[in-house]
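This is what each chain is made of:
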Amino acid sequence: MSVLSEMIKNLLSRPVTILYPLEQVPIPVTFRGRVAITDEKCIGCSKCSLVCPAQVITMIDGPREVEFKGKNLARKKRPQVKLYQCIRCGLCERHCPTGAIHLEQVHGGTGTDREVVVT
Amino acid sequence: MTDPVFILLYIVLFPGFIFLFVYSLFLSFLDRKIVARMQNRVGPPFYQPFADLVKMLAKEVIDPDGVDRALFDAIPLVALAAVMTAFLYVPVTGYSPLAFPGDLVVVLYLMLIPTFALFLLGWLSRNIFSTIGGIRAATQMFIYEVPFFLALLAPAIMAGTWSISGIVAWQQHNTWLVFFQPIGFVVALICLQAKLERTPFDIPEAETEIVAGPLTELTGRRLAFIHLTTELSLVVGSALIAALFLGGPMIPWTLSPSWLNEVAGFCVFLVKTLAVLLILSSIKVATGRIRIDQLNDIGWKYIASAALVQVGMVLVINYLWVTL
Amino acid sequence: MPEVVIPIGPQHPALKEPVNFRIIADGEKIVRLELELSYTHRGIEKAAEQRNFIRVLPLLERVCGICSHSHATVFAKGIEEIMQLEVPPRAQYIRTIIAELERMHSHLLWLGVAAHEIGFNTLFMWTWRDREAVQDTLEEMSGNRVHYNMNEIGGVRCDLNPAQVNAALSRLPSLEERIKKYVDMVNDEETLLLRFRGVGRMSKEEALKYGAVGPTARASGVDYDVRRDDPYLAYAEVPWNVVTDTEGDVYGRTRVRIGELRESVQIVRYCLENIPAGPIRVDAPKNAPKGEILSRYEAPRGELAHYIRTNGTDKVERVDIRTPTLANWTSVAMCLVNQNIADIPVIVAAIDPCLSCTSRLTVTNRQNRPGVAVVRAAPNGRSLPGSEGEEKL
């Protein structure tokens with residue numbers, strides 16, 4: 001009676017539920033969480049904005065001197081992401097040449113204001 | 001013991017209605033906790049059934065179009081009253097002061113009223129799901145009531161009395177009836193599971209098939225009372241089985257201050273009803289729901305015949321006992 | 001009781017997604033079924049025509065949550081064939097691993113849902129607990145528990161490092177043991193056998209006639225599996241077996257799915273141990289040459305087909321998705337006749353319905369044959385002009 005033995009074994013052992021938020025769920029390194037931009041690395045190529053499937057990345061004005069592959073570039077624009085509309089697919093991270101835009105290990109965040117942005 | 005104040009306190013306070021409410025909420029919590037732990041989950045906290053009751057009482061009562069409102073209000077109350085009255089005859093700390101010969105039959109008939117209430121509710125709600133659920137409730141009642149009555153008839157025959165307190169007294173002088181009637185005990189447990197409409201017999205209220213069966217159109221305090229009726233039936237049913245087969249709230253010795261007997265009897269009552277609950281919860285966890293026509297098959301082929309065999313055996317044993 | 005109409009849906013506790021069944025029943029026996037689909041039509045096929053090949057894959061992934069990788073892979077596979085790209089073997093192996101992990105999580109999910117439909121909540125809790133191991137593996141590999149977004153035109157998005165491979169391999173033995181326990185439970189548990197055996201029986205001829213696919217058809221003895229008969233990804237190199245059964249009822253479908261679970265564990269283990277080294281993608285051109293292709297794939301629910309037409313630009317001209325659930329609905333209508341009302345959720349759950357996948361636009365012949373589904377077109381219920389006598393999927 002496989003069901004019966006399993007039932008009794010479960011009754012005498014700890015439940016497998018993780019009591020979130022008191023206990024934390026283990027999050028792997030590759031987790032696709034909230035989008036974040038490292039301003040020092042961004043060269044303003046607009047690739048992230050072009051590949052985003054949900055079209056939530058717009059390029060805004062952001063001049064800065066950035067170093068890329070040993071050369072100094074004068075960046076003109078930088079990206080701005082609508083945080084709560086991002087579907088966290090990871091395409092921007094995949095196509096970014098410098099790794100400036102990436103997905104963190106933190107949960108993506110939820111909210112009702114659709115225009116909240118991350119720069 | 002016919003002091004009216006004492007009787008009133010017995011009925012209302014302990015072990016009457018207040019104790020019944022508290023104990024039923026506790027047993028409901030324990031049932032859900034045991035089921036959850038067997039499924040590897042955490043389960044609800046101890047105040048969950050009480051919180052559910054309060055929440056349901058606070059909800060809005062919605063009357064579907066064309067439904068008889070007075071009846072819809074009255075039927076859950078009648079069911080609740082019937083189960084509460086049935087508990088008064090079940091011995092909790094000793095013999096029930098309201099006991100009289102024949103109270104076993106009264107208790108069994110009172111316990112039948114909630115199922116009638118479900119059928120009526122299903123019929124009166126003008127909803128196809130409720131009608132199907134009500135018909136299933138009535139069909140299921142016919143299938144399990146015969147073996148249930150037979151299985152509870154056997155202890156009455158052996159003890160020679162129709163009073164539950166009398167059967168408990170007989171068991172105190174001899175031994176627990178479960179040793180004489182194991183088949184009857186098993187049949188009574190299965191039929192109790194069917195009466196309480198718990199898996200594998202929760203056919204009238206099959207959530208995935210007919211939404212909520214007869215309870216589909218009930219909201220607010222009506223649903224709260226029906227829910228409470230189910231939970232109270234669990235207590236009354238397990239107390240009945242504990243009294244008839246497991247010896248009731250009696251210990252084999254008499255202790256010196258006489259009130260200690262009552263306390264010890266009450267503790268024994270708690271242990272026995274918890275044991276019955278454990279068995280019922282295990283049956284609930286281990287099985288899935290069967291169909292009504294399959295229940296028809298199993299009920300009449302196996303369960304009813306087992307009950308008949310048990311009654312036959314008891315009659316033979318009685319005859320041999322008398323002649324020897 | 002005379003004939004009554006029981007409305008199952010669009011909202012009903014037995015259904016996870018909206019679909020409208022109108023069951024005409026006589027007492028507890030079902031006489032006829034009328035079916036209306038397309039409550040979740042989202043216009044994905046049209047939206048896919050406006051996105052270039054990089055941006056369209058996440059969209060197509062979101063056709064369904066449970067078989068998301070199937071849709072993305074079958075599209076990527078089709079476009080790669082039109083472009084005549086040679087995808088590196090490491091990418092094929094990674095795609096296979098994710099595909100089989102997806103099949104495992106889908107079948108474990110199905111087992112729990114089928115148990116829940118018969119009120120056996122214990123098995124539901126246990127299978128979903130074991131499914132967490134598969135989800136954790138998928139999360140480590142791809143970053144998300146559903147919608148893995150592993151595919152690109154030309155390969156996969158990210159690589160597997162040895163730590164991930166070892167973690168995945170370490171989870172497989174306990175999964176195998178649990179699956180073996182479920183095989184025992186399905187064979188011994190009385191109430192499960194009572195509810196599943198003999199319910200919704202479909203013979204092999206009927207399965208072929210009504211176009212059933214996937215485990216639904218394989219349970220009736222139809223020996224057809226796209227992974228073997230039209231091999232793609234790494235399936236030609238991995239040793240595995242097609243699982244069929246002869247029962248043809250819900251019990252047979254359960255056995256087929258549990259058998260496929262075991263096979264998937266073997267495939268994943270073989271791929272993880274023998275994954276070739278090398279690049280994980282090739283550079284794909286921006287535009288696809290003009291062409292059309294029918295790309296097929298064995299999704300967890302059956303044969304998934306994408307018809308893709310390109311016209312030399314960087315977007316597709318037309319993508320037409322035929323999901324396995326759409327093919328299986330007719331068999332549900334046929335199996336339900338003369339069963340009990342209590343069997344409705346069981347038979348519907350037995351095809352593993354995924355209504356988000358199903359909601360495409362269909363135009364069907366209306367014929368007055370008893371017991372046959374009347375499938376309506378567009379969500380507003382109007383028949384489309386010219387629908388009499390026209391059949392187009």
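Scroll up to find the structure.
The structure reproduced in this document is the subject of the present report.

Conventions used here
- Residues numbered from 1 in each chain as written.
- Chains lettered and ligands numbered in written order.
- Predicted model: local features only at pLDDT ≥ 70, side-chain atom pairs only at ≥ 80, totals over all residues.
- Helix = DSSP H or I, 4+ residues; strand = E, 2+ residues; numbered from the N terminus.
- Buried ≥ 20, exposed ≤ 12 C-beta atoms within 10 Å, placed from the backbone.
- Rg over C-alpha atoms; globule rule 2.2 N^0.38 Å.
- Pairing = 2+ DSSP bridges.
- Axes fitted to C-alpha atoms, helices over the stretch in contact; angles between N-to-C directions.
- Parallel < 35°, antiparallel > 145°, perpendicular 65-115°, else oblique.
- Left-handed = near helix turned anticlockwise from the far one by under 90°.
- Contact = placed C-beta atoms within 7 Å.

A few words now on the overall build of chain C. Per the secondary structure count, chain C includes 14 helices and eight strands. Across the 393 residues that make up chain C, the buried fraction comes to 52%.

Moving on, we get to the overall build of chain B. Check the secondary structure of chain B and you find 12 helices and zero strands. For chain B, the C-alpha radius of gyration of 20 Å lies close to 20 Å, the compact-globule estimate for 324 residues. Each principal axis of the C-alpha atoms in chain B carries an extent, and together these give about 65 × 50 × 40 Å. Every one of the 324 residues in chain B was classed for burial, and the buried ones make up 49%.

Moving on: the sheet that holds strand β2 (residues 57–68) of chain A. Residue and element names in this part refer to chain A. Read across the open sheet, the three strands follow the order β2-β3-β5; overall the sheet is antiparallel. A strand with exactly one partner marks an edge of an open sheet, and here the two such strands are β2 and β5 (117–118). As defined by bridge partners, strand β3 (residues 71–82) adjoins β5 across two bridges and the pair is classed as antiparallel. Across the sheet, Lys 82 pairs through a bridge with Val 117, a residue of β5.

This part covers the packing of helix α10 (residues 220–245) of chain B against helix α11 (residues 258–286) of chain B. All names here are of chain B. Running from N to C, α10 and α11 cross one another at 110°; their axes reach a closest spacing of 9 Å. With respect to α11, the axis of α10 lies roughly perpendicular. When you trace α10 past α11, the crossing you get is right-handed. For the pair α10 and α11, the contacting residues are Ser 238, Ala 239, Ile 241 and Ala 242 in the first and Phe 269, Lys 272, Thr 273, Val 276 and Leu 277 in the second.

Moving on to the sheet that holds strand β1 (residues 3–8) of chain C. Residues and elements named next belong to chain C. In space, the three strands of this open sheet follow the order β1-β2-β3, with antiparallel pairing throughout. Looking at which strands have only one partner, the edges of the open sheet turn out to be β1 and β3 (29–36). Each neighbouring strand pair of the sheet contributes to a mean axis angle of 20°, computed without reference to strand direction. In this sheet, strand β2 (residues 20–26) lies alongside β1 in antiparallel orientation, the contact comprising six bridges. Bridged to Glu 3 within β2 is Asp 26.

The two faces of a sheet get side chains in turn, since along a regular strand they alternate between them. Residue and element names in this part refer to chain C. Two elements, strand β7 (residues 302–310) and strand β8 (residues 316–322), share six bridges in a ladder whose sense is antiparallel. Paired with Ala 305 across the strands is Arg 322, a residue of β8. Here β7 folds back onto β8, and the loop between the two strands holds five residues, one of which, Gly 312, carries a positive phi near 90°.

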